[in-house]
Amino acid sequence: MRLIVYVDMDAFYLSCELTRHPELVKTPAIVAHDPKEGKGRGVVLTASYEARPMGFHSAMPVKEAWRQKDKVAWLMPDFPFYEATSGKVMAYLKSRCSLARALSIDEAAYPIEIAELKDAEIEGRAVQREIRERFSLPSSIGVSPSLAVSKVASDKAKPGGVVVVAPKDVSSFLAVLPVRALPGVGPVTEGALKRVGAEKVEDLKRVPFPKLVRAVGSMAGSLVALAEGRLSDEEWPEELPPKSMGAMVTFDEDLDDEESLMKGVASLGESLGRSLEGKGSLYRTVTVRVRWGDLSAVQRSQSFPHPTCETDVLVKLAQKILRGILSSPGRNSRGVRTLGLTVQGLHPQDPAQRTLL
DNA sequence: TCTGGGGTCCTAGGACCC
DNA sequence: TCTGGGGTCCTAGGACCC
């Protein structure tokens, strides 16, 4: 039988830090943005399992974590280090199975062909042990006939476990879980499902299908399929190049004046331009996103007729788009909390053209 | 009381084309 | 003077993921 092994790293950013701060192993610790003496606007990215019972958790505002700062070791995020670590683990998984796919910075999956179910458990334990021995990193493993179910299984396996779901057990494994446990079901969809009487996955089987479609649109089909244990026979995902690249910044205080905002967007554009150059990538569409002080957001975009590469062209267009947003009637004299700049329509640039352009 | 920064995917309306 | 049915592309917004 063909099963999918899903590898999900435990408390990944923190686990990366523990490899270079062994003195913090088994202590309460968090990776969180700069607290700025309690005025920081960031969040906690990862809390160690020792810090969680004390109330620390990911996505917690830094201002809140700051009130208990004396109870934890506070580490600032170092994304280049986490990306490099992730890359090493991915390279190992690819050496184990050439079809391995990275699904996020701390998740990956690969298919296996096995003769007996007990081999699934053996493979899960083996890959988990190898990752621990080679990289000193803990992980949780889910194995099942489908990518989505294996992901759910890896969540159930946390921390440090291996959960195997046999093909015949998929429906009963999912039945008792809250719908929120399914990938793709967030707070909004959870609310919509609750309103039609579906709190657990098994409830999805009882809601009349047209009612479910009215509640959650095109998601209805795949949700019911999962609940009934009907597994999709999707192709194994190809490795795809990125579709967009962006940068954003949240200011310490909401910004009003156009001059600072123009400088802000220029600095995002220059940093994005360097990344594009590093990747040898052209772009065609530029999007500026503004998050106002009240946390509502707008975005505006504009496309070039042909892929382009110049950083100053990017900056000029971004500034033009931003001026448009700032002078729109919808602004209502609000200040800007967060500024984002994204380019889409990425296009590889061939090296010969690079010098020519 | 407060809520980052990096992404993907889906939907929907309008312009435009045959 | 009024007009179908098919398609693509652009733009804006929003849900969701880690």
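Residues numbered from 1 in each chain as written. Chains lettered and ligands numbered in written order. Predicted model: local features only at pLDDT ≥ 70, side-chain atom pairs only at ≥ 80, totals over all residues. Heavy atoms only, no water.

## What about the nonpolar core?
Core analysis: the largest hydrophobic core is formed by 33 residues, its most contacted members being V5, V7, L93, Y110, V127 and I131. Of all the elements in the fold, those that place two or more residues in this core are strand 1 (2-9), helix 1 (12-20), strand 2 (29-32), helix 3 (79-96), strand 6 (107-113), helix 4 (118-135) and strand 7 (139-144). Residue-level mapping places this core at the junction of two domains, with at least three residues from each of domain 1 (2-6 + 82-227) and domain 2 (12-78). Excluding residues within four positions of it along the chain, V127 makes contact with V5, Y92, L93, R96, Y110 and I141. (Core = buried A, V, L, I, M, F, W, Y, C linked by side-chain atoms within 4.5 Å. Buried < 20%, exposed > 50% of the residue type's maximum accessible area, 1.4 Å probe, protein only. Helix = DSSP H or I, 4+ residues; strand = E, 2+ residues; numbered from the N terminus. Domains from an automatic or database assignment. Contact = heavy atoms within 4.5 Å.)

## Some remarks on the protein's contact with DNA strand C
D106, T189, R284, S301 and S303 are the nearest of the 20 residues found near DNA strand C. Of all DNA strand C atoms lying within 4 Å of any protein atom, the proportion belonging to sugar or phosphate reaches 97%. Going through the elements one at a time, helix 7 (187-195) and strand 11 (297-308) are the ones with two or more residues in the surface near DNA strand C. If one sorts the elements of the surface near DNA strand C by residue count, strand 11 sits on top with six residues. Classifying every residue of the surface near DNA strand C gives six nonpolar, eight polar and six charged. (Near = heavy atom within 4 Å. Nonpolar A, V, L, I, M, F, W, Y, C, P; charged D, E, K, R; others polar.)

## Examining the packing of helix 8 (residues 209-216) against helix 9 (residues 219-227)
Contact pair helix 8 / helix 9: the axes reach a minimum separation of 8 Å and the direction vectors enclose 125°. With respect to each other, helix 8 and helix 9 are oriented oblique. Between helix 8 and helix 9 lies a crossing of right-handed hand. Two secondary-structure elements touch here, helix 8 through F209, L212, V213 and V216 and helix 9 through M219, A220, G221, L223 and V224. Broken down by class, the residue content of the contact of helix 8 with helix 9 amounts to eight nonpolar, one polar and no charged. (Axes fitted to C-alpha atoms, helices over the stretch in contact; angles between N-to-C directions. Parallel < 35°, antiparallel > 145°, perpendicular 65-115°, else oblique. Left-handed = near helix turned anticlockwise from the far one by under 90°.)

## Observations concerning the packing of helix 1 against helix 3
Where helix 1 meets helix 3, the closest approach of the two axes is 10 Å, and the angle between their N-to-C directions is 90°. Judged on the interaxial angle alone, helix 3 and helix 1 are roughly perpendicular. Touching F12, Y13, C16, E17, T19 and R20 of helix 1 are F79, F81, Y82, T85 and S86, all from helix 3.

## Here's the deal with the domain arrangement of chain A
Taken domain by domain, chain A comprises domain 1 (2-6 + 82-227), domain 2 (12-78) and domain 3 (244-348). Relative placement of domain 1 and domain 2: their C-alpha centres are 27 Å apart. Each partner contributes residues to the interface: domain 1 has 11 residues there, and domain 2 has 11 residues. Together domain 1 and domain 2 conceal approximately 880 Å² of surface at their shared face, both sides included; 73% is due to carbon and sulfur atoms. Along the contact surface separating domain 1 from domain 2 lie zero salt bridges. At the surface where domain 1 touches domain 2, the tally comes to two residue pairs in polar contact (both at pLDDT 80 or more). Residue contributions to the side of domain 1 that touches domain 2 peak at three residues, all from helix 3. Of the residues belonging to the side of domain 1 that touches domain 2, the class tally is six nonpolar, three polar and two charged. (Buried area = accessible area lost by both parts, 1.4 Å probe. Salt bridge = Lys/Arg side-chain N within 4 Å of Asp/Glu carboxyl O. Polar contact = N/O pair within 3.5 Å; in protein donor to acceptor, adjacent residues only side chain to side chain.)

## Brief notes about the sheet that holds strand 6
One open sheet accounts for five strands, arranged 5-6-1-7-8; its pairing is mixed. In this open sheet, the two edge strands, each paired with only one partner strand, are strand 5 (101-104) and strand 8 (162-164). The sheet shows a mean angle of 20° between the axes of neighbouring strands, taken without regard to direction. As defined by bridge partners, strand 7 adjoins strand 8 across three bridges and the pair is classed as parallel. Bridging from a neighbouring strand, I141 pairs with V162 of strand 8. Sitting on the sheet, helix 5 (residues 147-157) is in contact with strand 1, strand 5, strand 6, strand 7 and strand 8, with an inclination near 140° to strand 7. (Pairing = 2+ DSSP bridges.)

## Things to note about the packing of aromatic side chains
The way to describe two aromatic rings as a pair is by their centre distance and the angle between their planes. One pass over the structure, following the stated rule, counts eight aromatic pairs. Here Y13 and F79 contribute two aromatic rings whose centre-to-centre distance is 5.4 Å and whose plane-to-plane angle is 85°, an arrangement assigned as edge-to-face. Taken as a pair, Y13 in helix 1 and F79 in helix 3 lie far apart in primary sequence, 66 residues in all. When its relative accessible area of 17% is taken as the criterion, Y13 is described as buried. When its relative accessible area of 32% is taken as the criterion, F79 is described as partly exposed. Put simply, the rings of F12, Y13, F79, F81 and Y82 touch in pairs and so form one group of aromatic residues. (Phe/Tyr/Trp six-rings, centres within 6.5 Å; stacked < 30°, edge-to-face > 60°.)

## Brief notes about the protein's contact with DNA strand B
Near DNA strand B, the surroundings consist of 22 residues, among which R41, S244, M248, T250 and R291 are the closest. Protein-adjacent atoms of DNA strand B, using a 4 Å cutoff, are sugar or phosphate at a proportion of 72%. H33 is positioned such that a nitrogen or oxygen atom in its side chain is 3.5 Å from a sugar or linking oxygen of DNA strand B. The separation between a phosphate oxygen of DNA strand B and a polar side-chain atom of S244 is 2.6 Å. Counting residues per element, the ones that place at least two in the surface near DNA strand B are helix 2 (62-66) and strand 9 (244-255). A total of seven residues in the surface near DNA strand B trace back to one element, the largest contributor, which is strand 9. Each residue belonging to the surface near DNA strand B can be placed in one class, and the counts come to nine nonpolar, seven polar and six charged.

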